[in-house]
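# Descriptive analysis of the structure
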Number of protein chains: 4
Amino acid sequence: MDFTSDNICGVSEEILLALSAANQAETAAPYGGDRLSMMLNERFESLFGKPVSVFPVVTGTAANALALSACVQPWQAILTHEKAHIEIMECGAPEFITGGAKLIGVAGLDGKLSVDALAQAVRDSGQGCLHRSQVAAISIGQTTDAGTVYTVDELRAITQFAKENGLLVHMDGARFANAVAALGCDAAELIEGVDVLSFGASKNGAMNAEAIVFFNQELAKNFIYQAKRTGHVVSKARYLSAQLLAYIENDLWLKNATQANKAAQYLAQRLNDQEGIEVLGRVESNLVFASCDQFLVEALKEGGVGFYSEPATADGKQRIRLVCGYSTNFTKIDGLIDLLHGVSMYRKAA
Amino acid sequence: MDFTSDNICGVSEEILLALSAANQAETAAPYGGDRLSMMLNERFESLFGKPVSVFPVVTGTAANALALSACVQPWQAILTHEKAHIEIMECGAPEFITGGAKLIGVAGLDGKLSVDALAQAVRDSGQGCLHRSQVAAISIGQTTDAGTVYTVDELRAITQFAKENGLLVHMDGARFANAVAALGCDAAELIEGVDVLSFGASKNGAMNAEAIVFFNQELAKNFIYQAKRTGHVVSKARYLSAQLLAYIENDLWLKNATQANKAAQYLAQRLNDQEGIEVLGRVESNLVFASCDQFLVEALKEGGVGFYSEPATADGKQRIRLVCGYSTNFTKIDGLIDLLHGVSMYRKAA
Amino acid sequence: MDFTSDNICGVSEEILLALSAANQAETAAPYGGDRLSMMLNERFESLFGKPVSVFPVVTGTAANALALSACVQPWQAILTHEKAHIEIMECGAPEFITGGAKLIGVAGLDGKLSVDALAQAVRDSGQGCLHRSQVAAISIGQTTDAGTVYTVDELRAITQFAKENGLLVHMDGARFANAVAALGCDAAELIEGVDVLSFGASKNGAMNAEAIVFFNQELAKNFIYQAKRTGHVVSKARYLSAQLLAYIENDLWLKNATQANKAAQYLAQRLNDQEGIEVLGRVESNLVFASCDQFLVEALKEGGVGFYSEPATADGKQRIRLVCGYSTNFTKIDGLIDLLHGVSMYRKAA
Amino acid sequence: MDFTSDNICGVSEEILLALSAANQAETAAPYGGDRLSMMLNERFESLFGKPVSVFPVVTGTAANALALSACVQPWQAILTHEKAHIEIMECGAPEFITGGAKLIGVAGLDGKLSVDALAQAVRDSGQGCLHRSQVAAISIGQTTDAGTVYTVDELRAITQFAKENGLLVHMDGARFANAVAALGCDAAELIEGVDVLSFGASKNGAMNAEAIVFFNQELAKNFIYQAKRTGHVVSKARYLSAQLLAYIENDLWLKNATQANKAAQYLAQRLNDQEGIEVLGRVESNLVFASCDQFLVEALKEGGVGFYSEPATADGKQRIRLVCGYSTNFTKIDGLIDLLHGVSMYRKAA
């Protein structure tokens, strides 16, 4: 039973079939000149309802760092949540790939940025002062790293603020599908005012495939050279493009995300019925955070359950994170609950 | 009929099967913690007969640039052939990923570096002079970009020179398999004295998979962080590792390379029988260079044949490059020859 | 009347004389090969009581960023105060010159880092986790940007913590002289356990001269190449070295700093006697922070007084910073007070 | 007797006086806000007859690398002479400060670039090919590192070529004054079609001062942030600006350069009268290259004469470089000749 992350799941059957199909062509032009890669822009334009330039890459870190490098100069800065993935989980990739731009962490409830906090950050940032990295972009996670999902209105407020302040907007959509599935809206609604989206697929059924989707076409000009000099232009692009096409074909991406979200809802509900464990906040996507008695955490780990946990606090509780993927089945969740239940029973008896 | 490059070929059936097999595991630890990734070092140790640290990546550019970044400091320099792939075909990736190290191009016949030329380059490089990037490594292509293959003795001379001068050795093995197949030797013989190898698979039947193979274990320490901050640590590593394992299992890599080399030999032989075209140099791997009458080049392009060509010289000849891959069949080559033949006939008649 | 910064002051007579004297030599070897530059290490060894390697540069930003680049790899991180100069006033220079290392801001009272906060930051930093920039150094300001001065014991605690955790220690000593003067201790006491010091002179009577002083000799190896590739090795080094030698000769640096500190004490005392203004915290160096009625701030600015001020808070107060330099005379301070006094009188009358 | 370089000379009296004068102001706004710095643009506009943006820095390496960073993106390339200072004497600074742009060395007689060679280099560079760093600028030395001087017509041809090909032009004018003095033309004539000039002063009587002069105003936008993040914005800018103003005031720069050039002419003429030594090429500036018998080179070095020499060739000759500065007096040159003469006499006698 592993709830470490959604990237532990395998690859959707549809994706594997698409790879086989792509392999039927005896030869295909490399570096994106193939038939499938040439279809990417059009298909993603249908998805988002506006012109796009799509560049496939293999990691979310590459997608984020490269997308940001198209938004800012090395002497500029990016506002992002202080716990954002780009700030704390990418080993400095955004700073490196942008040539040295600064990430400025902004605090915010539930992993979200508020316009008030952004406005304060801009005021504090010293625009026009030669000693300060000049704020030029905002990066938001949708889904956030806290598992929360911005509403359409919240996004609108941020992109509006960005526009008024001459800032570009990057969206880290490693779990974009989960957000769309959660909100039940059109993908197009979530990217209004967004300049570039890291559109994740790896965590939701693809092999190792992400798409950098530029809505701001100006940013895409010459982007291929930047991608190349970071080693991120694959030669056999057809095998990335095939995945991405299959991923959005017939709403596979939404089906997978809906499934993962449902599993998380079920998990949260069952956890809340257990003693010694309490789900924290509303579960909006496929991530479940909970406060858990220390002995339960230990028991789960001994039982071979995979998940992240933070150090215990004074009251003997630990904050844990459990992630459901598109292939997480309810039986596995029941198994987890059984294990928790067993431990509690045993402990009471003892 | 496409002879543009070996990266236009598809993926070997064995590789596709390995991907399917890897997908059987319902879950697998991410970032190299999975069972298949954990097998990489051991399997490559068997291949090379010595301890190694293996890091899978998806592009040859990433493999080369990252490997070099483990060899040199930003204020150091790398000697390489003036026409080496890292010097002219990677859009500055080695310079960027190393943090600014300098590539110093060295001239050499047949795309090869000689010890004499290297020695002169070191003398000219200003070792110890604060104004000069300090030479710290040599990068050699095996197979070279000219399609030639270093003999074991030639390699030994270079690695010996490197050792005597305190320089590290990187081998760009994008077509390493073709070299081993051509020489009919053990892989182990070709990497004696080599510190790190970019072991290519994409051009020879894999999907998008290369291995950075450290023989110098010291260089591999902390390498994972460098790989991460360039966006080159894939989350679902099992799908890269599965490919690399299948690639070396049962000598698939050598079978594929042997096939590509044979096709090139056949192509060269048939080309030489044609009027107006002359194969340049010995064909040692899967690359064929030829001098070709300008009207033939035009006719081929009109006929839809894909290949690289240089501008015409004063005598109306053009240097062209034709590449065979593991799946290039002889029928296709015969088709090319027929086309050439037809054009010549037609022209004579006209 | 200008209290904007200590860098608005001129150059001490002794420094100008040293430049003239250095000019007497008809020729001098460039790039640090001259007689004066060759004396730097010895003289600074006398000052600090231990072997050092000294590299003169012209800006504090260069000193800090280059010193840090000798401490950390691009994939590593530096803990520093969240309001430290390197974090917010150097436009990303540390990130750029280190090749992308991450600065992690740590909160702390009075601009100081505590061992508790550092320990928590290390725990939170994910040492050993491939997704996180690996903490490898601590950077402390002495004097801090809040104008406070670490006691010898506080420093000892931090350097002890660093040692226990395998972290290097950089000290930003742009106002190191003011700290030594304030504490009345030996310079040697303040750098115990410090690996490299940015020893400032520009703010305290030199022209544009700072010294990077390595106590950890290992870090100085090959440093000259790093300095060169950032454009920071001046050709006529004698004119930098002459300044630095004159600066520490006959304790000029301490005399200047003592004078600046005294002026700040006098300024603080006189400010506290005024209505509508209150000095914040103890004045430990040459920086005075005060809470000031908004109308007074406006009146001062209209009166042509130079200083930094923060936006007004809800209670109509503004935080202001007034800096005294080595040449700030008491008459100027009295002039400032008279102006404040006059404004208050006038307002009462009105 | 030292002919190592022109940077071994001291500082012109006028420059020292200007520093003293600048020190009379009790305070001055930092970072270029002072009265003298504010005069820079206007004065340089008079000199060059067109609008400029001037940024003072302390080294030629910083001037060149920063100027180039304003011309090219990290994925672009710069054409320059294969023996240019930026290519071989700056330890990779241009590559680093530009964020990784590639220098492409172009061969050319007498240290000069020809339009033919540039045109060939552009054709070979792969414009539009994603694998190649895209050529975006040309950097020319005026004076060149071979001591030669481009004529106005030669420059015109290059800048014309650049314009036609959409390339920017950087001029490395570390010895710009010597070129103007040699040609006897207006400074304005030499910078027609040039986008940015590294205007050297350090080698010709200033302390450590160079000016980056943007004629292309667009490139200067936001340049201050780039200068800051490399540590090249000095706080007490008045002391750099004072030097630059004094340097161009009353044609000091031309007087100094004329003097250095004359000394070189005299040196060349006297050398040519000696046996065993032959001046190579025409002496156009303040650099003298000569072919010298090996035993003479040794004798000179033993005699304490400073200069650069290349290894001996098969015929027992060594190429040497002797540089005259603005303060090199003829008596020193006579002394050198006497020494050579004495050695020859002695050898004949022996």
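Residues numbered from 1 in each chain as written. Chains lettered and ligands numbered in written order. Predicted model: local features only at pLDDT ≥ 70, side-chain atom pairs only at ≥ 80, totals over all residues. Heavy atoms only, no water.

### Observations regarding the interface of chain B and chain D
Contacts between the two partners involve 18 residues from chain B and, on the opposite side, 17 residues from chain D. In total, about 1400 Å² of surface goes out of reach between chain B and chain D, with carbon and sulfur atoms giving 50% of it. When the buried area of chain B at its contact with chain D is split by residue, B:Cys91, B:Lys102 and B:His131 rank highest and sum to 37% of it. Between chain B and chain D we count four salt bridges in total. Between D:Glu87 and B:Lys102 there is a salt bridge, with its nearest N and O atoms 3.3 Å apart. Counting across the interface, chain B meets chain D through 10 residue pairs in polar contact (both at pLDDT 80 or more). Sorting elements by how many residues they give to the side of chain B that touches chain D places helix α4 (residues 85-88) of chain B first, with three residues. Class assignment for the residues of the side of chain B that touches chain D results in eight nonpolar, five polar and five charged. (Contact = heavy atoms within 4.5 Å. Buried area = accessible area lost by both parts, 1.4 Å probe. Salt bridge = Lys/Arg side-chain N within 4 Å of Asp/Glu carboxyl O. Polar contact = N/O pair within 3.5 Å; in protein donor to acceptor, adjacent residues only side chain to side chain. Helix = DSSP H or I, 4+ residues; strand = E, 2+ residues; numbered from the N terminus. Nonpolar A, V, L, I, M, F, W, Y, C, P; charged D, E, K, R; others polar.)

### Quick word on helix α1 (residues 13-22) of chain B
Within the sequence span of α1(B), burial applies to B:Ile15, B:Leu16, B:Ala18, B:Leu19 and B:Ala22. Taken down its axis, α1(B) places every buried residue within 155° of arc, on the same side. Those residues of α1(B) that are buried are in contact with α1 (13-22) of chain A together with α2 (35-48), α12 (238-248) and α13 (252-272) of chain B. (Buried < 20%, exposed > 50% of the residue type's maximum accessible area, 1.4 Å probe, protein only. Arc of directions from axis to C-beta.)

### A look at the packing of aromatic side chains
Enumeration according to the criterion identifies 58 aromatic pairs over all chains in this entry. Here the aromatic rings of A:Trp75 and D:Tyr225 are separated by 5.0 Å at their centres, their planes lie at 10°, and the arrangement is stacked. One end of the pair, A:Trp75, is in the loop between α3 (60-71) and β2 (76-81); the other, D:Tyr225, is in helix α11 (residues 223-229), on a second chain. For the pair A:Trp75 and D:Tyr225, a shared accessibility class is recorded, and that class is buried. An angle of 55° between the planes, with centres 5.4 Å apart, marks the rings of D:Phe199 and D:Trp253 as tilted. Placement of D:Phe199 in strand β6 (residues 196-200) and of D:Trp253 in helix α13 (residues 252-272) is noted, with a sequence separation of 54 residues between them. Comparing D:Phe199 with D:Trp253 shows no difference in burial state: the two are buried. The ring of A:Phe3 carries A:Lys332 above its face, with NZ or CZ at 5.9 Å from the centroid. Across from the ring centre of A:Phe295, 3.7 Å away, lies the NZ or CZ of A:Arg347, which sits over that ring. (Phe/Tyr/Trp six-rings, centres within 6.5 Å; stacked < 30°, edge-to-face > 60°. Lys NZ or Arg CZ within 6 Å of the ring centre and 35° of its normal.)

### Points about the domain arrangement of chain A
All names here are of chain A. Here the domain parsing of chain A yields domain 1 (13-251) and domain 2 (253-349). Computed from C-alpha coordinates alone, the two centres of domain 1 and domain 2 are separated by 30 Å. With 22 residues of domain 1 at the interface, the matching set in domain 2 holds 15 residues. Both faces considered, domain 1 and domain 2 share a buried interface measuring about 1600 Å² in area, 55% of it formed by carbon and sulfur atoms. Considering only the surface of domain 1 that becomes buried against domain 2, Arg 175, Asn 178 and Asp 251 emerge as the three largest contributors, covering 30% of it. Our enumeration of links across domain 1 and domain 2 arrives at zero salt bridges. Counting the contacts that link domain 1 with domain 2 gives 11 residue pairs in polar contact (both at pLDDT 80 or more). Contributions of two or more residues to the side of domain 1 that touches domain 2 are made by α8 (176-183) and α12 (238-248). Its residues placed into classes, the side of domain 1 that touches domain 2 shows 12 nonpolar, seven polar and three charged. (Domains from an automatic or database assignment.)

### A few points about the interface of chain D and chain C
Often, the extent of an interface is quoted as the loss of accessible area upon association of its parts. Across the boundary between the two partners, chain D contributes 46 residues, which contact 46 residues of chain C. Summing both sides of the interface, chain D and chain C together bury roughly 4000 Å²; the carbon and sulfur share of this comes to 55%. Among the residues chain D hides against chain C, the three largest losses belong to D:Phe96, D:Arg229 and D:Lys236. Together they make up 19% of the total. The interface formed by chain D and chain C holds one salt bridge in total. Between D:Glu26 and C:Lys332 there is a salt bridge, and its shortest N-O distance comes to 4.0 Å. Summed over the shared surface of chain D and chain C, the result is 26 residue pairs in polar contact (both at pLDDT 80 or more). Of the residues in the side of chain D that touches chain C, the class split is 21 nonpolar, 17 polar and eight charged.

### Observations concerning the pairing of strand β7 (residues 210-214) of chain B
Note on strand geometry: in a regular strand, side chains alternate between the two faces of the sheet. All names here are of chain B. Within β7, five of the five residues are buried, leaving the element largely enclosed by the surrounding structure. Of the two faces of β7, the one holding Glu 210, Ile 212 and Phe 214 and the one holding Ala 211 and Val 213 are both buried throughout. Sheet topology note: the strand β1 (residues 53-57)/β7 ladder contains five bridges and is antiparallel. Each residue of the ladder has a partner; that of Pro 56, found in β7, is Ala 211. Direction of pairing for strand β6 (residues 196-200) relative to β7: antiparallel, over a ladder of five bridges. Bridge pairing in β7 places Ser 198 opposite Ile 212. (Pairing = 2+ DSSP bridges.)

### Digging into the relation of the copies chain B and chain D
One copy of the chain maps onto the second through a rotation around an axis plus a translation along that axis. Each copy superposes on the other: chain B lies on chain D with an RMSD of 0.0 Å after a rotation of 180° and an axial shift of 0.0 Å. On the angle and the small slide along the axis, the relation comes out as a two-fold axis. Closest to the rotation axis within chain B is the C-alpha of B:Gly100, separated from it by 3.0 Å. Most of the interface of chain B is mirrored in chain D: 94% of its interface residues are interface residues there too. (Least-squares fit on C-alpha atoms with pLDDT ≥ 70 in both.)

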